[in-house]
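# What the coordinates show
One letter stands for each residue in the lines below.
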Amino acid sequence: MQEPRILGERFLEQLHRHVINIMCLDSGPEARRRNDGKCALYNFSAFVVEIEGRWFAITAGHIFRKLKEATACGSIISDWQIDDSIVSSKPKEAYRISVNIDLDVIWLYEEDDGFDYACLELGYLTQEALKKEGISAVSQDLWQSDDIEEFTLWLLVGTPMEFARLVAGEPVEKSHATIQLERSAEVPGGLTETEYKRLYAKIHFESVMEGGSGFNIEGMSGGPIFGLRPFTESSPYEYRLIGVQSAWNRKDSVAICAAYPFIQAIRQRITANTVPPKPDA
């Protein structure tokens, strides 16, 4: 586990309990060609949010855009799973779920406009299984708040592909990362300003590793950005959900889609009864 050295492990556990990985298999011919005849195992960073008493996994929309494009080119996507190893000291087998991208996933990705969101509702049995292992959904008071601007210490949580060993049919090995970010007023080099205003931040690699030489954060797309502020001596920080990690310039900065607008849109659809509850398979 790669963690900011400025924060205590007990506090970080509060953030990590919201974070999951979504995994699936690609048994298409191109995937097998790239993997010496084996299926490809994909892993995506995500987090769990409670909306009107229902649990949703939130991640980046471009993930599902790429999966749809791959399917059109012959990929065969199956065997969806949720991994909660970020809160487990002993790795366990991922929890299997049923996913139909066309029917079960609400996703939005427009690169030029700056929209990059996706959500997948988790059925009741899935919720209970995740709760048993220590996963907790981000509650409404943490994502719907008028004081988010006060939470200026930002942390990105997710699973870099560089820190994961993913081989179909073999035990999965992962090391998750929690990285300190610093909000940027200007659009960093290598990233573009979009019509829908995104947030931008510099990555402080030195917050998790000596020397701060950096590493490839590919795979952390879809991970949550939490904002922190000092609270009391007994509880040194409180936090809010800031956004969804969308893109990075492959150097030192990231682009972030604010979480509230998307989650609120899903909430409005629920209250209008246009999003029926997802039954467990």
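Now for a look at the structure at hand. This is a predicted model, so every value here is computed, not measured.

### Digging into helix 7 (residues 259-271)
Helical periodicity: at 3.6 residues per turn, an α-helix aligns residues three or four positions apart in one direction. Between its terminal C-alpha atoms helix 7 stretches 19 Å, which fits the 18 Å expected from 13 residues at 1.5 Å a residue. Of all the positions in helix 7, only Ala259, Phe262, Ile263, Gln264, Ile266 and Ile270 are classed as buried. Downstream of helix 7 by one or two residues, asparagine 273 has phi in the positive range, about 65°.

### Observations regarding the nonpolar core
As a rule of thumb, soluble globular proteins bury nonpolar side chains together. Counting residues in hydrophobic clusters, the biggest one holds 30 residues, and the most contacted among them are Leu15, Val49, Ile58, Phe226, Leu228 and Leu241. No other element matches helix 7, which puts five residues into this core. Discounting chain neighbours no more than four positions away, the residues touching leucine 15 are Leu155, Phe226, Leu228 and Tyr239. Ranked by size, the runner-up nonpolar core spans 25 residues in total, among them Ala46, Ile101, Ala118 and Ala137.

### Overview of the packing of aromatic side chains
As enumerated under the stated definition, the model contains seven aromatic pairs in all. For the pair phenylalanine 115 and tyrosine 196, a centre-to-centre distance of 4.6 Å together with 25° between the ring planes defines the contact as stacked. Here phenylalanine 115, found in strand 7 (residues 115-122), pairs with tyrosine 196, found in the loop between strand 11 (177-183) and strand 12 (199-204); they are 81 residues apart in sequence, far enough to count as distant. A relative accessible area of 26% means that phenylalanine 115 is categorised as partly exposed. Aromatic side chains phenylalanine 226 and tyrosine 239 sit 5.7 Å apart centroid to centroid with 90° between the ring planes, which places their arrangement in the edge-to-face category. Here phenylalanine 226, found in strand 13 (residues 224-230), pairs with tyrosine 239, found in strand 14 (residues 237-248); they are 13 residues apart in sequence, far enough to count as distant. Taking the relative accessible area as the measure of exposure, phenylalanine 226 reaches 0% and is therefore buried. A relative accessible area of 5% means that tyrosine 239 is categorised as buried. An aromatic cluster is present here, built from Phe163, Phe205 and Phe215 joined pairwise through their rings.

### Some thoughts on the pattern of salt bridges
Taken as a whole and assessed by the stated rule, the structure comprises 18 salt bridges. Between glutamate 149 and arginine 183 there is a salt bridge, and its shortest N-O distance comes to 3.5 Å. Remark: arginine 183 occurs in strand 11 and glutamate 149 occurs in the loop between helix 6 (140-143) and strand 8 (153-158); sequence separation between them is 34 residues. Each of Asp147, Glu150, Arg229, Glu238 and Arg240 takes part in salt bridges that share partners, so that together they form one network.

### Examining the sheet that holds strand 4 (residues 77-83)
Taken together, the seven strands give an open sheet; going across it, the order is 5-4-1-2-3-7-6, and neighbouring strands pair in antiparallel fashion. This sheet does not close on itself; its edge strands, each paired only once, are strand 5 (95-96) and strand 6 (105-110). Across five bridges, strand 3 (residues 54-59) lies against strand 7 in antiparallel orientation. Opposite alanine 57, over in strand 7, you have leucine 120 as the bridge partner. The strands that helix 3 (residues 61-72) touches are strand 1 (19-26), strand 2 (40-51), strand 3, strand 4, strand 6 and strand 7; relative to strand 6, the one it contacts most, it runs at about 95°. On top of the sheet, helix 7 reaches strand 2, strand 3, strand 6 and strand 7; it is set at about 65° to strand 2, its chief contact.

### Describing the sheet that holds strand 11
Two modes of strand pairing occur in sheets, parallel and antiparallel, and in both the strands are linked by backbone hydrogen bonds. Taken in spatial order, the six strands of this closed barrel run 8-11-12-15-14-13, and their pairing is antiparallel. The mean inter-strand angle of the sheet, taken between neighbouring strand axes irrespective of direction, is 45°. Two elements, strand 13 and strand 14, share seven bridges in a ladder whose sense is antiparallel. Note that in strand 14 the partner of proline 230 across the bridge is tyrosine 237.

What counts and what doesn't
Residues numbered from 1 in each chain as written. Predicted model: local features only at pLDDT ≥ 70, side-chain atom pairs only at ≥ 80, totals over all residues. Heavy atoms only, no water. Helix = DSSP H or I, 4+ residues; strand = E, 2+ residues; numbered from the N terminus. Expected span 1.5 Å × (residues − 1). Buried < 20%, exposed > 50% of the residue type's maximum accessible area, 1.4 Å probe, protein only. Core = buried A, V, L, I, M, F, W, Y, C linked by side-chain atoms within 4.5 Å. Contact = heavy atoms within 4.5 Å. Phe/Tyr/Trp six-rings, centres within 6.5 Å; stacked < 30°, edge-to-face > 60°. Salt bridge = Lys/Arg side-chain N within 4 Å of Asp/Glu carboxyl O. Pairing = 2+ DSSP bridges. Axes fitted to C-alpha atoms, helices over the stretch in contact; angles between N-to-C directions.

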